[in-house]
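Listed below, chain by chain, are the residues.
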Amino acid sequence: MAKATFRIWRGDAKGGEFRDYPTEVGEGMVVLDAVHAVQAEQANDMAVRWNCKAGKCGSCSAEINGMPKLMCMTRLSDLDLTQPVTIEPMRAFPSIRDLVTDVSWNFSVKKTIKKFKPRPADNADGTWRVDGVDIERPQEFRKCIECFLCQDVCHVIRDHGMTDEFIGPRFLVYTAALEMNPIDAEDRVDDLKQKHGIGLCNITKCCTKVCPEHITITDNAIIPLKERVADKFYDPVKRLFRVFRGG
Amino acid sequence: MAAELQTHEHDVLVIGAGGAGLRAAIEASATGASVGLICKSLLGKAHTVMAEGGMAAAMANVDDRDSWKVHFADTMRGGQYVNNWRMAELHAQEAPARVRELEAWGAVFDRTRDGKILQRNFGGHRYPRLAHVGDRTGLEMIRTLQDHGIHQGIQVYMEHTVTSLLKDGERVVGAFGYDRERGYPRLFRAGAVVLATGGIGRAYKITSNSWEYTGDGHSLAYQAGAELMDMEFVQFHPTGMVWPPSVKGILVTEGVRGEGGVLRNKDGKRFMFDDIPENYRNQTAKDPEEGWRYTQGDKTANRPPELLTRDHVARCINREVKAGRGSPHGGVFLDIAWIKEKIPKAREHIQKKLPSMYHQFMQLAGLDITVEPMEVGPTTHYVMGGVRVDGDTQMSSVPGLFAAGEVAAGLHGANRLGGNSLSDLVVFGKRAGEYAAKFAKEKGAGKVTQDQLDAASRALFEPFDRGSGGAGGVEGPYKVQYDLQDMMQEKVGIVRNEADMQAALAGIETLKARATKVGVVGNREYNPGWHTAMDLPNLLICAEAVTRCAIERKESRGGHFREDFEAKDPKFATFNNIVKKGPDGRMRLERRPIPEMRADLKQIVEENK
């Protein structure tokens, strides 16, 4: 078996440092396997979040050689093992310990988005008729595993810390899934502009690039929502109409 | 360091936030109860997200011959008639309403051509019955429940773990545990407690389950004096990944076979046609052609043998591997790529129907399932056994303690049908939430004594007092866990015998002694070594219960297969195995007769034979 070195960030909210852990690596291993090996053999108390180990739960988000990724889906064979592999927590969120960060902000943001509100049912038994074509978009968005890597890499959150003004790509995708659900009857366009800061996104597409589910976040979710906001608030004809109605 | 004890009070406390826990919490809070919901991980990460194929409900959207009666009969046949028939009845009757309710809460299911919820074929289900979203149905379910639940005023405790239940006399009145992030002890007082903690997969080495599934709920209930039932029935899912080694055990959905995937040995033979059980013979295809037609929706065709029940398929795979006819890495081949001989645009079709399988193999094994066959083998997936509950209310044998989902026993008997788990979660999650809220309202809060709290607190922090794991002769927790997993895999796994299991019982005693001595390093904040030490006693109780029940059942039935008693024995069809903590603290086992099935249900079973 070959050996590789993993340079893992150890510390908490007060500070920390990278420590090197040389460990055996074998065929087919992913970064999370290496972290587990280090944890079992060299550092029993090393904090790491993980669950499914199959890219489905979105728990093991981290920055590997500087790139936001899921540890369970990053194969060692895709990394240069002649150099130490750096593994650090998501930097946009407050540290708890080692690779674990405080992502609770995301859970509170979600609550501020108006919940799903179905239109009246189509059939007497309370069911709806929906064409398969009409749900392709919301289904794409609902693939989201809430790993928050898109939030981690978003400049508005990471560099500007505007967590009070902006909900981030994850929750724009969440809003888009609701808005484009053919059964939903709620209107979230005012909130997008006024409460959720959609205007702050300047479409750099970093979120799309890191999404492990390959959701086309910017093009399919954010831009269409921006268009809805523009239609409602910046269309000159509608604006004039509002002036006359006194709205 | 004196840790301050934080206290929380609720009418209903739900432990576990997968499909069952969330559904229970939603139901209880809808009645006006104050609800606390404890998750071991972050909200929305529980194992429900891993469920792939779908949720079984006789909505008859795709085949109008389906009805709750057929679903009931299928569930009983799959469970080899040791199921709690009342639960099987309620489940079949109520599942369609629970699916429709999910849609009304925002779930976006795949559709039929005429716009209804699409249903797919699955093992052991006579008609296409599984409402689904590609191969990520579990994610859709948990996200829908989560997003609905967060607007209900439920208090969610993320990354908390419960280590003991607290009682006032006979009744459960709360729970004691800790928060994983900070390591603070926590007291939860509640009028009623619902267990929804899932399974015990981590007792085995090769498993589709994550670190969370350490049988916490089984163990909490057992320690509180509740009865566990049918713990010998562990489901080994036939198709887990076998290569590369680091992903061994990760699930490959039965949906692959539902879409036409076939199993072959190294000689290219479809071995599943070699061994078709008598009670499924007239529901199984005569030849590959008929099997293919079935997967494509031909109502006159019978299902291919790859879609026989999981216990049977797992054993057939095991047989091929043992006979030297396996694939290079100790599994068999599962081929979906072959359907390109049958349909145009097969590649796109596979990617649309099985997107996460495509993704999983591409990324983890570097294998394109639209081109090459997968290598698969059995993996520990599910425990049919669990806390014995009343079928209607989901209350255990201890007042105030309820259980729903995988941690509860009864619905699935000796073997669970694929797709019956997601429906189980919402049908019985709802019932547990409803009756727990009712119980809490009638009885109010109970009293917790300081003695109980002191004992729970001592047990929680002891591992730190024993010092550093790995150093100075003190053992760390991981090694004990690995040794248990190796032993259970080898001695109480897919093929069992008396001698191995007796050896396992002795081994469990040794491991118990080691577990009481493990030490941990570091401090209390987010310390996985400590958490693993706290999970060990739970795993050991589950392992012992599985082994004792498996020794007692001297026959083969469903998920329980004994090479020293290969046949099914009718006299074992009349009882359930019950384990309970005896007055001396040791595990007691008894046979409990199964109540006679109601005449109308008997008739349904007969009519569907």
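Residues numbered from 1 in each chain as written. Chains lettered and ligands numbered in written order. Predicted model: local features only at pLDDT ≥ 70, side-chain atom pairs only at ≥ 80, totals over all residues.

Residue and element names in this part refer to chain B. Read across the open sheet, the 4 strands follow the order S15-S10-S17-S18; overall the sheet is antiparallel. On the outer flanks of this sheet lie strand S15 (386-387) and strand S18 (587-593), each paired with one strand and no other. Strand direction decides the pairing type here: strand S10 (residues 228-229) and S15, joined by 2 bridges, are antiparallel. Note on S15: the bridge partner recorded for Met229 is Gly386. (Pairing = 2+ DSSP bridges. Helix = DSSP H or I, 4+ residues; strand = E, 2+ residues; numbered from the N terminus.)

Residue and element names in this part refer to chain B. Following the sequence through the fold, Gly400 ends up in the loop between S15 and strand S16 (401-403). In this structure the C-alpha to C-alpha distance between Gly400 and Arg171, which are 229 residues apart in sequence, comes to 5.7 Å. Ignoring anything within four residues of it in the chain, the contact list for Gly400 reads Arg171, Val172, Val173, Ala192, Val193, Phe439 and Lys443. (Contact = placed C-beta atoms within 7 Å.)

With 46 residues of chain A in contact, the opposing surface of chain B contributes 49 residues. Across the side of chain A that touches chain B, the residue classes break down as 19 nonpolar, 12 polar and 15 charged. (Nonpolar A, V, L, I, M, F, W, Y, C, P; charged D, E, K, R; others polar.)

Bringing the sheet that holds strand S5 (residues 130-131) of chain B into the picture now. Residue and element names in this part refer to chain B. Sheet architecture is open: 3 strands sit in the order S3-S5-S4, paired in antiparallel fashion. Of all strands in the sheet, those bounded by a partner on one side alone are strand S3 (55-56) and strand S4 (119-120). When S3 meets S5, the two strands line up antiparallel, connected through 2 bridges. Residue pairing across strands places Met55 opposite Ala131, the latter belonging to S5.

This part takes up the domain arrangement of chain B. Residue and element names in this part refer to chain B. One can read the domain layout of chain B as domain 1 (7-233 + 384-443), domain 2 (239-379) and domain 3 (450-575). Computed over C-alpha atoms, the centres of domain 2 and domain 3 are 33 Å apart. Facing 5 residues of domain 2, the contacting portion of domain 3 comprises 5 residues. For the side of domain 2 that touches domain 3, the leading source of residues is helix H8 (residues 310-322), giving 4 residues. Its residues assigned to classes, the side of domain 2 that touches domain 3 comprises 2 nonpolar, 1 polar and 2 charged. (Domains from an automatic or database assignment.)

Here we come to the packing of helix H6 (residues 168-179) of chain A against helix H9 (residues 217-234) of chain A. All names here are of chain A. For the pair H6 and H9, interaxial distance at closest approach is 9 Å and the crossing angle is 70°. When the axes of H6 and H9 are compared, the pair comes out roughly perpendicular. As H6 packs across H9, the resulting crossing turns out to be left-handed. Taken together, the residues of H9 that come into contact with H6 (itself represented by Pro169, Leu172, Val173, Thr175, Ala176 and Glu179) are Ile217, Ala221, Ile222, Pro224 and Leu225. Classifying every residue of the contact of H6 with H9 gives 9 nonpolar, 1 polar and 1 charged. (Axes fitted to C-alpha atoms, helices over the stretch in contact; angles between N-to-C directions. Parallel < 35°, antiparallel > 145°, perpendicular 65-115°, else oblique. Left-handed = near helix turned anticlockwise from the far one by under 90°.)

Our next topic: unusual backbone geometry. Cis geometry marks the peptide bond from Trp243(B) to Pro244(B); its omega dihedral reads -5°. With respect to the helices, strands and loops of the structure, Pro244(B) is situated in the loop between strand S11 (234-241) and helix H6 (255-258). For Asp98(A), which is not a glycine, the phi torsion comes out positive at approximately 50°. Topologically, Asp98(A) is positioned in the loop between strand S6 (95-97) and strand S7 (100-101). For Tyr526(B), which is not a glycine, the phi torsion comes out positive at approximately 40°.

Here we take up the pairing of strand S5 (residues 85-88) of chain A. Sheet faces and side chains relate simply in a regular strand, where the side chains alternate between the two faces. All names here are of chain A. When strand S1 (residues 2-12) meets S5, the two strands line up parallel, connected through 3 bridges. Bridge pairing in S5 places Phe6 opposite Val85. For strand S3 (residues 61-64) and S5, the ladder comprises 2 bridges, and the chain directions are antiparallel. Looking at the pairing, Ile64 lines up with Ile87 of S5.

What follows concerns the domain arrangement of chain A. All names here are of chain A. Partitioning chain A into structural domains gives domain 1 (2-101) and domain 2 (104-238). Relative placement of domain 1 and domain 2: their C-alpha centres are 30 Å apart. Taken together, the contacts link 11 residues of domain 1 with 12 residues of domain 2. Looking at the side of domain 1 that touches domain 2 residue by residue, the class counts come to 6 nonpolar, 3 polar and 2 charged.

In low-pLDDT regions, the fine details of the predicted coordinates are not to be read closely. Put simply, chain B has an average pLDDT of 95, and 99% of its residues get 70 or more. Scoring the predicted complex yields pTM 0.95 and, for the interface, ipTM 0.95. (pLDDT = per-residue confidence, 0-100.)

Attention now moves to the packing of helix H5 (residues 216-223) of chain B against helix H15 (residues 528-552) of chain B. Residues and elements named next belong to chain B. It is at 8 Å that the axes of H5 and H15 come closest, and there the two elements cross at 80°. Considering their axes alone, H5 and H15 lie roughly perpendicular with respect to each other. Where H5 abuts H15, its residues Asp216, His218, Ser219 and Tyr222 lie against Pro537, Asn538, Ile541 and Cys542. Residues belonging to the contact of H5 with H15 are distributed by class as follows: 4 nonpolar, 3 polar and 1 charged.

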